[in-house]
Amino acid sequence: MPRTEERWQDFDVDTDYLRDPSKKHIMKVSEEECNKMGIASQCRDLCTHILIPLNQCRKATWYMPWRCSELYEGYTKCLENDAMRLRAVVSQRFYQQFGIEEVREGHTHATSQYQMMSNPKSSIWNTDTAPTSNN
């Protein structure tokens, strides 16, 4: 007999596209669907399309914490990506409002975090370009 979670195994939980602050994202779920599924207004965001099957899976498995873990991890990752995009948008608006174009040495714009997170070679933790100590 198949497990309840296998019903959602082909569900796409990839939300890396949310990290891009230059695009305007729209919800994949309509307000009527949110009302029908009983989604609270504070939970209606760009990750609602994952929250609906997660809640269905939770109800089907009696809210057991070790079940529906793939959907839960996808939902939390979606919230992280959305928060990162929002921080970059707010920082970009701040820099535009105050006319800050030049970055001080050793500092980066928050909008460059998107490129750093999506490109591991440009990460600050890259050991190839780590400074050497002169002790």
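Quick caveat, the model's predicted, so the values are computed rather than measured.

Draft legend 1. Layout of helix H3 (residues 69-97). In this model, H3 (29 residues) spans 42 Å end to end at C-alpha, consistent with the 42 Å of a helix rising 1.5 Å per residue. Directly beyond the C-terminal end of H3, a positive phi value near 65° is found at glycine 99.

Draft legend 2. Focus on the nonpolar core. If you look at the biggest cluster of nonpolar residues, it comprises 16 residues, and the most contacted ones within it are Leu54 and Tyr75. Per-element tally for this core: the top contributor is helix H2 (residues 48-60), with 5 residues. When neighbours within four sequence positions are excluded, tyrosine 75 is seen to be in contact with Cys47, Ile50, Leu51 and Leu54.

Draft legend 3. Here's a closer look at the pattern of salt bridges. For the structure shown, the criterion picks out 4 salt bridges. The closest approach of N and O atoms between arginine 44 and glutamate 31, which form a salt bridge, is 3.6 Å. With arginine 44 in the loop between helix H1 (31-37) and H2 and glutamate 31 in helix H1, the pair connects residues that are 13 residues apart, well separated along the chain. Glutamate 31 gets classed as exposed once you look at its relative accessible area, which sits at 52%. The partner of arginine 85 in a salt bridge is aspartate 82, and the shortest N-O contact between them spans 2.6 Å. Within this pair, arginine 85 and its partner aspartate 82 are both found in helix H3, separated by 3 residues, close to a single helical turn. One exposure class covers both arginine 85 and aspartate 82, and it is buried. Ionic contacts of the salt-bridge type, sharing partners, join the residues Arg3, Glu5 and Arg67 into one network.

Draft legend 4. Broad picture of the side chain of threonine 48. The residue threonine 48 is located in helix H2 in this model. Of note is the side chain of threonine 48, whose polar atom sits 3.3 Å from the backbone oxygen of cysteine 43. At a separation of 2.8 Å, a polar atom in the side chain of threonine 48 contacts the main-chain carbonyl oxygen of aspartate 45. Excluding its chain neighbours within four sequence positions, the residues that come into contact with threonine 48 are Met27, Val29, Cys34, Ile39 and Cys43.

Draft legend 5. How the structure looks around the packing of aromatic side chains. Within the structure shown, the criterion is met by 2 aromatic pairs. Ring plane angle 65° and centroid distance 5.9 Å describe the contact between phenylalanine 94 and tyrosine 95, whose orientation is recorded as edge-to-face. The exposure class assigned to phenylalanine 94 is partly exposed, which follows from its relative accessible area of 41%. Connected via pairs of aromatic rings, a cluster forms that spans Phe94, Tyr95 and Phe98.

Draft legend 6. A look at the state of the cysteines. As enumerated under the stated definition, the model contains 2 disulfides in all. Cysteine 47 shares a disulfide with cysteine 78; S-S distance 2.1 Å. Since a negative S-S torsion denotes a left-handed disulfide, the cysteine 47-cysteine 78 link at about -95° is left-handed. Placement of the pair is cysteine 47 in the loop between H1 and H2 and cysteine 78 in helix H3, with a sequence separation of 31 residues. With respect to class, cysteine 47 is no different from cysteine 78; both count as buried. Here cysteine 57 connects covalently by a disulfide to cysteine 68, the sulfurs 2.0 Å from one another. One quick way to see it: the torsion about the S-S bond of cysteine 57 and cysteine 68 is about -90°, and its sign makes the bridge left-handed. Taken as a pair, cysteine 57 in helix H2 and cysteine 68 in the loop between H2 and H3 lie far apart in primary sequence, 11 residues in all. Of the two residues, cysteine 57 and cysteine 68, neither departs from the other in class, the shared state being buried.

Here is what the cut-offs are and how they apply
- Residues numbered from 1 in each chain as written.
- Predicted model: local features only at pLDDT ≥ 70, side-chain atom pairs only at ≥ 80, totals over all residues.
- Heavy atoms only, no water.
- Helix = DSSP H or I, 4+ residues; strand = E, 2+ residues; numbered from the N terminus.
- Expected span 1.5 Å × (residues − 1).
- Core = buried A, V, L, I, M, F, W, Y, C linked by side-chain atoms within 4.5 Å.
- Buried < 20%, exposed > 50% of the residue type's maximum accessible area, 1.4 Å probe, protein only.
- Contact = heavy atoms within 4.5 Å.
- Salt bridge = Lys/Arg side-chain N within 4 Å of Asp/Glu carboxyl O.
- Polar contact = N/O pair within 3.5 Å; in protein donor to acceptor, adjacent residues only side chain to side chain.
- Phe/Tyr/Trp six-rings, centres within 6.5 Å; stacked < 30°, edge-to-face > 60°.
- Disulfide = S-S within 2.5 Å.

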